[in-house]
Amino acid sequence: EEEDWGDGKCAKYQKFLWDLLEKPTTSVAARVVAVISISFIVLSTVALTLNTIPSISGYDENGRQIDNPKLAMVEAVCITWFTLEYILRFATSPNKWKFFKGGMNVIDVLAILPYFVSLFLIESNKDSQQFEEIRRIVQVFRIMRILRIFKLARHSTGLQSLGFTLKNSYKELGLLMLFLAMGVLIFSSLCYFAEKDEEGTLFRSIPETFWWAIITMCTVGYGDISPQTGIGKIIGSACAVCGVLVVALPIPIIVNNFAEFYNQQVRKEKAVKRKEALERAKKEGSIVAFHHVNLRDAFAKSMDLVDVIVD
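Residues numbered from 1 in each chain as written. Predicted model: local features only at pLDDT ≥ 70, side-chain atom pairs only at ≥ 80, totals over all residues. Heavy atoms only, no water.

## Considering the packing of aromatic side chains
Taken as a whole, this structure holds ten aromatic pairs when the rule is applied. Note on Phe40 and Trp81: the rings are 5.2 Å apart at their centroids and 20° apart in plane angle, and the pair reads as stacked. In this pair, Phe40 sits in helix 2 (residues 28–50) while Trp81 sits in helix 3 (residues 69–92), placing the two residues 41 residues apart along the sequence. A relative accessible area of 21% means that Trp81 is categorised as partly exposed. Ring centres of Phe90 and Phe99 lie 5.7 Å apart, and the angle between their planes is 55°; on these two criteria the pair is classed as tilted. Look at Phe90 and you get partly exposed, because its relative accessible area is 32%. (Phe/Tyr/Trp six-rings, centres within 6.5 Å; stacked < 30°, edge-to-face > 60°. Helix = DSSP H or I, 4+ residues; strand = E, 2+ residues; numbered from the N terminus. Buried < 20%, exposed > 50% of the residue type's maximum accessible area, 1.4 Å probe, protein only.)

## What about helix 10 (residues 230–248)?
For helix 10, with 19 residues, the first-to-last C-alpha span of 28 Å sits near the 27 Å given by 1.5 Å per residue. Listed as buried for helix 10 are Gly232, Ile235, Gly236, Cys239, Gly243 and Val246. When helix 10 is viewed along its axis, its buried side chains cluster within an angular range of 100° and face the same direction. Of the exposed residues in helix 10, the ones pointing more than 90 degrees away from its buried face are Ile234, Val241 and Leu245. (Expected span 1.5 Å × (residues − 1). Arc of directions from axis to C-beta.)

## Observations concerning the nonpolar core
Within the largest apolar cluster, 13 residues are counted, with the highest numbers of intra-cluster contacts made by Trp212 and Met217. Sorting elements by how many residues they give to this core places helix 8 (residues 170–195) first, with five residues. Every residue in contact with Trp212, bar those within four places of it in the chain, is listed here: Phe187, Cys191, Phe203, Ile225, Ser226, Pro227, Gly236 and Cys239. In this structure, Trp5, Ala11, Ile41 and Phe82 belong to the second largest nonpolar core, which totals twelve residues. (Core = buried A, V, L, I, M, F, W, Y, C linked by side-chain atoms within 4.5 Å. Contact = heavy atoms within 4.5 Å.)

Geometry only, nothing functional implied.
Here it is as structure tokens:
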């Protein structure tokens, strides 16, 4: 799809900034901006993680755990970069509405918004009697900050392919959930009736037994709850075997969807690189057509050869 900025005075600058922020392969400067963006994402995630360590985080006068001042400064710098990047990309996008509803851009907003909401709630209710309740609400928004790790999908074909796979494999995933739900209900009921009369049993009800059935069918097996009777162990063995079969059935379809989209994305990226290389060659006067030789075709073939060598 062609991008059109019109013929306005700022169209040239809009295209330049858009390519700089949105297309890392267009220039060295765009690659540098992409690396900086990835660095800020990783840095903010590390800061968020370190802030939960008691020996690193700070404490207020009431002994409550708060953010370390230095890590809070790192967080503020990262959020400033994310916000500036989003505003510039929105301002220079050729289609504002399409940009606003784009999946990756929604993730960008969800990564930025919790910081400002939590900051507003804390500052506006600092002297309020309901400050403790506000702190609990702020904790929810702080947890949402972890969403910024999904910003890496903008720079990773693999993560984009994973998102596409989950989106387009909803039937297979729904089938997997249905099989698991049926297996959990059946085996938890059987194991409950086999174990409920044993002394000190942990199978006290069918809903409580759901936990055992889920971790057994998913082949996790924490061991915190396990059957003690012979019949219970037979049922547990059947539950584990059926769990392997149920999980294995839809997986090949999902894997095929992932591989297909990933290869499609790689081909698309290579096509974009070829197009950009041809345009650069045209500007430099490297492509000239003779009677029997078209150097454009020769150049395209040479690019295919380069792709083969790189791969």
